[in-house]
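Summary of structural features
The residues making up each chain are set out below.
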Amino acid sequence: MNWEQLLSLKKYGDTKPRERNKQNETRIGFEVDYDRIIFSDSFRSLQDKTQVIPLSNTDFVHTRLTHSLEVSVVGRSLGRIVGKALLEKYPKLKDLGYQINDFGAIVASACLAHDIGNPPFGHSGEKAIGEYFKSGNGIKYKNELSNKQWQDLIDFEGNANGFKILTESRTGVEGGLRLSYATLGAFMKYPKESLPKKPTANIVDKKYGFFQSDTETFLDVAKSLQLEQNRNEDVSYLRHPLAFLVEAADDICYTIIDFEDGINLGWIEEEFALEYLIKLVKDTINTEKYYQLTTKQDRISYLRALAIGNLINEAAAVFLENEAKILAGKYQISLLEKCKYEAQINDIIKISINKIYRSKEVIEKEISGYKVLADLLDVFINAVNNTFEQKPSSYDNLIMNLLPVKYQNLDTNIYDRILSVCSFIASMSDGAAILLHKKIKGVVI
């Protein structure tokens, strides 16, 4: 892989190359990507989607929206640090017009969109959709789908749904948000299809990154960026190098900030938490300043800022040390797995799992989410299929009126019909899903 191709400004439908040194410096294409994402309705819905604690009534707990904004800030810093070093290493990129901020803008845009396809109720929402098909009423569709189509549904993946949102064409909106291929490449942490499932030491095989319906679009992006194929027998590619920075930004934020939420909620004792955070900042902490802080939130905020700064510098250093391997497709783990703080990060994650992710409040709301999503899928998939077969009931007709036009896919392919409904359900915020479920069940009017 080569950086000139990986930094492509190409957008869907382009017939001529977009040259960096001919860009309007007041509105670079990579910055346009950021704007298009932040103004999209899919991004706005993240304001009421769970990050860790579903339906929290406190004003300081993070949602998917605040998490995504914070990840984009961390990603921008990572991109700029790496970009500065790469421009010094590859002067030809400077000659072509590329600048430090380009790297920051690409990574920040991909980070901003990294959770845009996630359904309500956090990661349990993905599992809930998958379980509906694997063991719920949706299992009846198995024999009507190919193995890969079925795998897309039973392992419903927010990353793949995100790629669909960013790139899917519909009447009058060709190419979705029409982002640059560099940003789309950085967004794709798992550039492979759902089958075959081959867990390996390579992190790209952990999940999948696009639905069968989007294979053609994915291949266009991958080939334009000249990503390396991972395996020849199926659609599987190696990561765009900047995807490692997107992943690192996400890892840094959820490790430190989820932990901070747990402390502020009182689920993790401050003294216990400080012991672990200080291990991350012992080389940079100003103890005199720290002891002047009088509130728990100020103390935690100070340590959080230092910890994130240290992890940004460490992740960027690991990337640059391994940049040649990454370009050659020979680097196969996350950046933080190779950093000097790996043990401290793992300790913090273990505490977060026990004290936050497995807390009674989180589990109870996730259980409710399973029921909400299964019922909504049942009602809308039945309505769409009955309408396609021209035998809708009066109830189906009413339900179809609740389904936004862009999701009313009456294609002859049942996979596309079902996937459209899944994307609609995934697009809903936690609160909207619960309210619609109550109305369908007749609990509220």
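Okay, so let's go over this structure. The numbering scheme is per chain: residues are counted from 1 as the chain's sequence reads. It should be noted that, the model being predicted, local features are given only for residues of pLDDT at least 70 and side-chain atom pairs only at 80 or more, the latter also being counted only at that level, while totals for whole chains, interfaces and linings use all residues. Here the side-chain values reflect all heavy atoms present in the structure, with hydrogen atoms and water set aside.

Right, let's talk about the overall build of the protein chain for a bit. Every helix listed is a DSSP run of H or I at least four residues long, and every strand listed is a run of E at least two residues long, numbered separately from the N terminus. Helices and strands together make up the secondary structure of the protein chain, namely 21 helices and 2 strands. On the principal axes, the C-alpha backbone points of the protein chain span a range of 70 × 55 × 40 Å. The cut-offs for exposure are 20% and 50% of the maximum accessible area for each residue type, with area from a 1.4 Å probe on protein chains only; residues under the lower value are buried, those over the upper are exposed, and the others partly exposed. Sorting the 445 residues of the protein chain into buried and exposed places 54% on the buried side. In what follows, a contact means two residues having at least one pair of non-hydrogen atoms within 4.5 Å. Residue pairs at least 24 apart in sequence account for 74% of intrachain contacts in the protein chain once pairs closer than 6 positions are excluded. Surface accessibility of the protein chain: about 19500 Å² in total, with carbon and sulfur atoms responsible for 50%. For the charge count, each Lys or Arg is scored as positive and each Asp or Glu as negative, with His and the chain ends excluded. Charge positions are represented by NZ for Lys, CZ for Arg, CG for Asp and CD for Glu. Taken as two groups, the 56 positive and 60 negative side-chain charges of the protein chain have centres that lie 1 Å from each other. In this description, accessible areas are obtained by the Shrake-Rupley approach with a 1.4 Å probe, and a residue is regarded as covered only by the protein chains that are shown.

What follows covers helix H19 (residues 394-402). When H19 is considered as a whole, its buried residues turn out to be Asp-396, Ile-399 and Met-400. Looking straight down H19, one finds its buried side chains confined to an arc of 105°; they lie on one side. Exposed and oriented more than 90 degrees from the buried face of H19 are Ser-394, Leu-398 and Asn-401. Of the surrounding secondary structure, the elements contacted by the buried residues of H19 are helix H18 (360-388) and helix H21 (430-440). Each direction from the helix axis to a C-beta atom contributes to the arc, which is the arc of those directions.

A few words on the pattern of salt bridges. Working definition: two side chains of opposite charge can pair if their charged atoms are close together. We define a salt bridge as a contact between a side-chain nitrogen of Lys or Arg and a carboxyl oxygen of Asp or Glu at a distance within 4 Å. Under the defined criterion, the tally for this structure stands at 22 salt bridges. Its salt-bridge partner being Glu-193, residue Lys-148 comes within 3.0 Å of it at the nearest N-O pair. With Lys-148 in helix H8 (residues 147-154) and Glu-193 in the loop between helix H10 (181-187) and helix H11 (215-224), the pair connects residues that are 45 residues apart, well separated along the chain. A relative accessible area of 2% places Glu-193 in the buried class. Residue Lys-371 pairs with Asp-375 through a salt bridge whose shortest N-O separation is 3.4 Å. Here Asp-375 and Lys-371 lie together in helix H18, a separation of 4 residues that amounts to about one turn. We classify Asp-375 as buried; its relative accessible area is 13%. One network of salt bridges, in which partners are shared, links Asp-14, Arg-18 and Arg-178.

This next bit is on the side chain of Ser-429. Within the fold, Ser-429 resides in the loop between helix H20 (414-427) and H21. Residue class for Ser-429 comes out buried when judged on its relative accessible area of 13%. Under this definition, polar contacts are N or O atom pairs within 3.5 Å; protein pairs additionally need one hydrogen-donor-capable and one acceptor-capable atom, and for neighbouring residues in sequence, both atoms have to be side-chain atoms. At a separation of 3.2 Å, a polar atom in the side chain of Ser-429 contacts the side chain of Asp-48. Apart from the residues within four sequence positions on either side, Ser-429 is in contact with Ser-45, Asp-48, Lys-49 and Pro-120.

With respect to the element layout, His-437 can be found in helix H21. With residues up to four places along the chain from it excluded, the contact list for His-437 reads Lys-371, Val-372, Asp-375 and Leu-376.

What follows deals with the environment of Gly-104. Of note, Gly-104 is situated in helix H6 (residues 100-112). In this structure, the C-alpha to C-alpha distance between Gly-104 and Val-73, residues 31 residues apart in sequence, is 9.1 Å. Apart from the residues within four sequence positions on either side, Gly-104 is in contact with Arg-76, Gly-79 and Arg-80.

Right, let's talk about the packing of aromatic side chains for a bit. For Phe, Tyr and Trp, rings pair up if their centres lie within 6.5 Å, where Trp contributes its six-membered ring, and each pair is then called stacked (planes under 30 degrees apart), edge-to-face (over 60) or tilted (otherwise). Per the counting criterion, the structure on display carries 13 aromatic pairs. Judged by centre distance (5.0 Å) and plane angle (85°), the ring pair of Tyr-132 and Phe-133 falls under edge-to-face. Exposure remark for Tyr-132: the relative accessible area of 4% places this residue in the buried category. In this structure, Arg-239 packs its charged tip against the face of Phe-244, placed 4.8 Å from the ring centre. Charge-over-ring placement is defined geometrically: NZ (Lys) or CZ (Arg) within 6 Å of the ring centre, and within 35 degrees of the ring normal.

Throughout this description, the term nonpolar core refers to a set of buried Ala, Val, Leu, Ile, Met, Phe, Trp, Tyr and Cys residues connected via side-chain atoms within 4.5 Å. Grouped together as the largest cluster of nonpolar side chains are 90 residues, with contacts concentrated most on Trp-3, Leu-78, Leu-242, Phe-259 and Leu-335. With near-sequence residues (within four places) excluded, Leu-78 lies in contact with Leu-245, Ala-248, Ala-249, Ile-312, Ala-315 and Ala-316. Judged by nonpolar contacts, the second largest core, of 39 residues, contains Tyr-141, Phe-156, Ala-160 and Leu-403.

So, about the packing of helix H7 (residues 122-134) against H8. Between two packed helices, what matters for the description is the angle formed by their axes and the separation of those axes. Every angle, taken between N-to-C directions, lies between 0 and 180 degrees, and every axis is a line fitted to C-alpha atoms, over only the stretch in contact when it is a helix. Remark: H7 packs on H8, axes separated minimally by 7 Å, with the N-to-C direction vectors making an angle of 130°. With respect to their mutual orientation, H7 and H8 come out oblique. Contacts between H7 and H8 involve Ile-129, Gly-130, Phe-133 and Lys-134 from the first element and Trp-150, Leu-153 and Ile-154 from the second. Partitioning the contact of H7 with H8 into residue classes produces 5 nonpolar, 1 polar and 1 charged. Should an angle fall under 35 degrees it is taken as roughly parallel, and over 145 as roughly antiparallel, whereas 65 to 115 is taken as roughly perpendicular and any remaining angle as oblique. Ten residue types, Ala, Val, Leu, Ile, Met, Phe, Trp, Tyr, Cys and Pro, are classed as nonpolar, four, Asp, Glu, Lys and Arg, as charged, and the remainder, Gly among them, as polar.

To continue, consider the state of the cysteines. Note on terminology: disulfide denotes any pair of cysteine sulfur atoms within 2.5 Å. Tallied over the entire structure, the rule returns 0 disulfides. Cys-339 takes part in no disulfide bond, and the closest cysteine sulfur, belonging to Cys-253, lies 14 Å away.

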